[in-house]
Amino acid sequence: VLHRLNDDGQEIDSDGKPVKKKPSLKRLASLAKPEFPMISLACLAMLGSSGSQMVAPLFFGKVVDAAQKDMGELNSTVLTLLLIYIGGAICSMVRSWIFTLAGQRVVARLRKNLFSSVIQQEVAFFDTNRTGEICNRLSSDTQVLQNAVTSNMSMLARYLLQIIGSLVLMFVLNASLTGVLLAVVPIVSLGAVQYGRFVKKLRQNFQDRLADAGTTAEESISSIRTVRMFSGETKSVKLYGSDIDKSYSEGKKLAAAQGAFDGTVGMLAYGAIILVLWYGGKLVYENSQDKTKGITPGLLTSFLLYTLQVAMAFALLSSLYGDFMQALGASLRIFDLMDRKPLVSNENGEILPLLDGHVEFKNVFFTYPSRPETPVIKGMNLTVNPGQVVALVGPSGGGKSTIVSLIERFYDPDSGTVLLGGRELSTLDPHWFRQKISMVSQEPTLFACSIKDNIAYGKVATDQEIEEAAKQSNAHEFIMTFENGYETLVGERGVRLSGGQKQRIAIARALIMDPVILLLDEATSALDAESEHLVQEAIDRAMKGRTVIVIAHRLSTVRNASKVIVIEKGEIAEQGTHDELLAHNGVYKRLVLRQLTAGGMNFDQL
Ligand code: ADP
């Protein structure tokens, strides 16, 4: 089924309006479906434990009455009561264990599915959604759902059973006493539900503020180096502090409301019990005057215990209501994300038997979805022929990296086409063609695993292939100086390596793919001379026999390029070889001269 989607990846109807999705209890319950056998077992256990709880008050009453008659009867009744409780305890142990287990299985599955959906979203999705928020969805929202589909559902069933069962038994014991109780219960419960909604809203506000704080903290922590560099600690603490203050001020309201709620519900519940106590006391008094009338003290005891059970179940049910509402909110967010179809789709792409390095832009227009008001590529036409080395140059912000992103199909153009090997990029299988294109960026991102696993990130490789790639990229030697060699862990984002080392590993990671096309973003930041030489040598070696598109900063690169394309404000200002462009006396020459006078870049050996 093909869904029509809008720019946010939401399904839309025939009028182009987003299809409103209701949080559905049915879908929530369907999450628990695969655990049906376990949950059935848990329900059986629940019947047992609820049953024991149901009959226990009856035996309490019997104990009271037996105590007034016969020691033997007292002993046997107490023993029965004890057995009932032991049976109940075993059942509730099984119930709790299995429900929790089932819940954990549900949430584990949910998290996997959700993450798999998240990781397949198009790059633009991550431009607009903060990492912390997405991670929150994975951790806390799923937790809320786990509780909802298991323990909350089981509590709901338990309390309903308890209320209905107790009420039935109470009716059998004494109908008029039950009538008195039933007259007050609806009033109490209605009030509780209404108030519960109010508390729930406060709790939601509190949660939202807390999530904001979490996102703020995540941002600072993940950028600790930048924070340190600019002595931004105080600023971070202040930002986080102000978020926490906001959540605290919501928390204060919540605390007061929750307190008032607990107090009021408790008071009302006890009010109902006192009413039963008074009316029941009256019946016991009548019985003491005339044995054919009223009820025995034992029966009143049973009745009071039932009343307590019903009241407690009601109070807990009302708190469950809040949990369920919270779960519905969480489920809406989770299902939205889980159902989101990536705008740059991966489905039904074609795999070509052979790929040459031909890249072409035909009248390409592009705007970043996160900044819809600023066009970035404006009607671009460019051709890269197989085996060419094409250098992109131009002022920063002109659109060079964007061109590279479009070749990787991180984004789709608004109009026009990007062609790879003569075929429209959007008709090709992205997993396949990304195997054929490798990218080495200025500041390569490594993963927090071993050097070996970083080099073999893009494909399953033998130790020999890994070593060969490392040798090609001038990385082998420094890797061997490490005590653990290729098994050395590089730390989060590769922090344990120097800039030049990281780059050489990134080159090895690209080379092991044996790419047809190499995308390079030359470092602007100066490496030390030795390191720079090794990196450059590795890059030169990597470029051999490949089609290369390089965002160039160095004179030697542009001078040796088959073609230099000057990109300015999203358009091609000039193109040709270095010598042609210099002779032309245009933008390129001015650019080169400006670089020279500014001294910012390496166009310094002209
Ligand atoms: P260059 O590589 O030539 O320095 P870029 O392609 O990085 O230029 O940027 C071109 C324009 O696109 C700039 O104005 C930049 O601010 C904007 N831009 C780059 N990346 C994004 C993004 N992920 N979201 C929104 N705007 C972006």
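Quick notes on the rules
- Residues numbered from 1 in each chain as written.
- Predicted model: local features only at pLDDT ≥ 70, side-chain atom pairs only at ≥ 80, totals over all residues.
- Helix = DSSP H or I, 4+ residues; strand = E, 2+ residues; numbered from the N terminus.
- Rg over C-alpha atoms; globule rule 2.2 N^0.38 Å.
- Buried ≥ 20, exposed ≤ 12 C-beta atoms within 10 Å, placed from the backbone.
- Contact = placed C-beta atoms within 7 Å.
- Core = buried A, V, L, I, M, F, W, Y, C linked by C-beta atoms within 7 Å.
- Near = placed C-beta within 6 Å.
- Nonpolar A, V, L, I, M, F, W, Y, C, P; charged D, E, K, R; others polar.
- Domains from an automatic or database assignment.
- UniProt positions renumbered as here; feature names shortened; annotations may be inferred.
- Pairing = 2+ DSSP bridges.
- Axes fitted to C-alpha atoms, helices over the stretch in contact; angles between N-to-C directions.
- pLDDT = per-residue confidence, 0-100.

Each helix and strand in the protein was counted, giving 19 helices and 10 strands. Taking 2.2 N^0.38 as the reference for a compact globule, 606 residues should give roughly 25 Å; the C-alpha atoms of the protein span a radius of gyration of 35 Å, well beyond that estimate. Dimensions of the protein, computed from the C-alpha atoms along their principal axes, are close to 125 × 55 × 50 Å. In the protein, which comprises 606 residues, the share counted as buried stands at 33%. Across the protein, contacts joining residues at least 24 apart in sequence account for 78% of those joining residues at least 6 apart.

Of all hydrophobic cores here, the largest spans 74 residues; its most connected members are A391, L392 and I549. With six residues, the top contributor of residues to this core is helix 15 (residues 499-511). Among residues more than four places away in sequence, those in contact with A391 are V550, A552, T557, V558, A561 and V564. Counting residues in hydrophobic clusters, the runner-up holds 27 residues, among them L177, L268, L300 and A315.

In the region of the ligand, 13 residues are neighbours, and Y368, G398, K400, S401 and T402 sit closest. With three residues, helix 10 (residues 400-407) is the largest single contributor of residues to the shell around the ligand. Among the residues forming the shell around the ligand, the class breakdown is two nonpolar, eight polar and three charged.

It is common to give the size of an interface as the accessible area lost on bringing the parts into contact. Assigned domains of the protein: these are domain 1 (25-339) and domain 2 (359-598). One C-alpha centre belongs to domain 1, the other to domain 2, and the line joining them spans 56 Å. Listed by partner, the interface residues are four residues for domain 1 and five residues for domain 2. Across the side of domain 1 that touches domain 2, the residue classes tally to two nonpolar, one polar and one charged.

In this section: the UniProt feature "domain: ABC transmembrane type-1" (unreviewed entry) in the protein. Those residues carrying the UniProt feature "domain: ABC transmembrane type-1" (unreviewed entry) are residues 41-326 in this numbering. Note that residues 41-326 is 93% helix and 0% strand, and that its end C-alpha atoms are spaced 27 Å apart.

Turning our attention to the sheet that holds strand 2 (residues 375-384). In sheet architecture, strand pairing relies on hydrogen bonds along the backbone and comes in two forms, parallel and antiparallel. Ordered in space as 2-1-4-5, the four strands form an open sheet in which the pairing is antiparallel. Of all strands in the sheet, those bounded by a partner on one side alone are strand 2 and strand 5 (423-424). The sheet contacts of helix 10 involve strand 1 (359-367), strand 2 and strand 4 (415-420), and relative to strand 1 the element is tilted by about 115°.

What follows covers the confidence of the model for the protein. Interpreting fine coordinate detail is not advised for predicted regions of low pLDDT. Chain-level statistics for the protein give a pLDDT mean of 85 and a share of 93% at 70 or above. Across the protein, strand 1 holds the top mean pLDDT of 94, while helix 19 (residues 587-598) sits lowest at 74. Note on residues 599-606: pLDDT is under 50 here. Beyond four places in sequence and across chains, it has 17 contacts. Scoring the predicted complex yields pTM 0.74 and, for the interface, ipTM 0.97.

To continue, consider unusual backbone geometry. At S231, a residue that is not glycine, the phi angle is positive and equals roughly 50°. Its location among the elements puts S231 in the loop between helix 7 (224-229) and helix 8 (233-289). Positive phi is not limited to glycine here, since N474 has a value of about 60°. Position of N474 relative to the elements: it lies in the loop between helix 13 (463-472) and helix 14 (476-481).

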